[in-house]
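# Report on the structure
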Amino acid sequence: MDGQGMSRRMALKVAAVGVAVCACDCVDGATRAGPATAGAAAGAAAGIETTIAADGWIVTTKAASIGEDSFVMVANQPFVLARKGAEVFALSTKCTHQGGIVKPQNGGKPLADGKAPELVCPRHKAQFSLTGAVTTPPASRPLGRYKLRLSKEGMVEVDITALLTDAGADTVVTIKA
Ligand code: FES
């Protein structure tokens, strides 16, 4: 009987843990459902790993490590890092046409002819530049940009709660020579 009682308690404990885990996943999934799910579907989950700063900003990589005129994919996040000259942006990967998940040409590196890569939407082939501007329709609006900052150590940190469409000063950081 004691053994049965123990089994029942264990079963309840396991069930409770299971529920807790499920709840966490569900909450997290709900919060990031759009980008994470769509990103995984489009293979956008690959990319650099991130950590989370104490205030919730996403810590990515050293700004100086991003090649000039390149994109850097970020795993399981709704943005891609882009560097044009000395300026770095965190561009939304969600196409402004109908929400496809954009991916960089050539793995984000400059093309063989020396041109900068672009972000391409797999759904209807819209393309966007390093700054998020539309270069090829059917999209007509630029990609959104997330607010970002440079840490003291030169890391690019992104606020994924702040998706902006006005390309303001808080959506670009400049790498100092
Ligand atoms: S959804 Fe991106 S081009 Fe249509």
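Residues numbered from 1 in each chain as written. Predicted model: local features only at pLDDT ≥ 70, side-chain atom pairs only at ≥ 80, totals over all residues.

### Structural notes on the overall build of the protein chain
Looking only at helices and strands, the protein chain has one helix and twelve strands in total. Counted from the first residue to the last, the protein chain has its helices and strands arranged as α-β-β-β-β-β-β-β-β-β-β-β-β. The buried share among the 177 residues of the protein chain stands at 30%. Long-range pairs, those at least 24 residues apart, make up 50% of the contacts in the protein chain with a sequence separation of at least 6. (Helix = DSSP H or I, 4+ residues; strand = E, 2+ residues; numbered from the N terminus. Buried ≥ 20, exposed ≤ 12 C-beta atoms within 10 Å, placed from the backbone. Contact = placed C-beta atoms within 7 Å.)

### Here's the deal with the sheet that holds strand 6 (residues 103–104)
Ordered in space as 6-7-8-9, the four strands form an open sheet in which the pairing is antiparallel. Two strands close off the open sheet at either side, each with one partner strand: strand 6 and strand 9 (134–136). Where strand 8 (residues 127–128) and strand 9 come together, two bridges link them in antiparallel fashion. Bridge pairing in strand 9 places F128 opposite V134. (Pairing = 2+ DSSP bridges.)

### Regarding the environment of A116
Along the chain, A116 falls in the loop between strand 6 and strand 7 (119–120). Each residue touching A116, except ones within four places of it in the same chain, is listed here: D69, P110 and L130.

### Brief notes about the environment of P122
If you trace the backbone, P122 turns up in the loop between strand 7 and strand 8. Expressed as a C-alpha distance, the spacing of P122 and C95, which sit 27 residues apart in the sequence, is 9.5 Å.

### Examining the nonpolar core
By size, the foremost hydrophobic cluster in this structure holds 32 residues, and its most contacted members are F79, V80, L81, A82, V88, A90 and V158. Secondary-structure elements contributing two or more residues to this core are strand 3 (70–73), strand 4 (79–84), strand 5 (87–92), strand 10 (145–150) and strand 11 (155–164). Once you skip the residues sitting within four places of it in the chain, V158 turns out to touch W57, I58, T60, F79, A90, Y146 and L148. (Core = buried A, V, L, I, M, F, W, Y, C linked by C-beta atoms within 7 Å.)

### Quick notes on unusual backbone geometry
Cis geometry marks the peptide bond from P137 to P138; its omega dihedral reads 20°. Locating P138 in the fold gives a position in the loop between strand 9 and strand 10. If you check the backbone angles, K125 has positive phi at about 70° while not being a glycine. As for its placement among the helices and strands, K125 is situated in the loop between strand 7 and strand 8. On the basis of neighbour counts, which here come to 13 C-beta atoms within 10 Å, the residue K125 falls in the partly exposed class.

### Section: the confidence of the model for the protein chain
Averaged over every residue, the pLDDT of the protein chain is 80; the share at 70 or more is 74%. Confidence over residues 1–44 falls short of pLDDT 50; this stretch has 21 contacts with residues more than four positions distant or in other chains. (pLDDT = per-residue confidence, 0-100.)

### Section: the pairing of strand 10
As paired elements, strand 10 and strand 11 share six bridges and run antiparallel to each other. Within strand 11, the residue paired with Y146 across the bridge is L163. In sequence, strand 10 turns back onto strand 11 through a hairpin of four residues, with G154 there showing a positive phi of about 85°.

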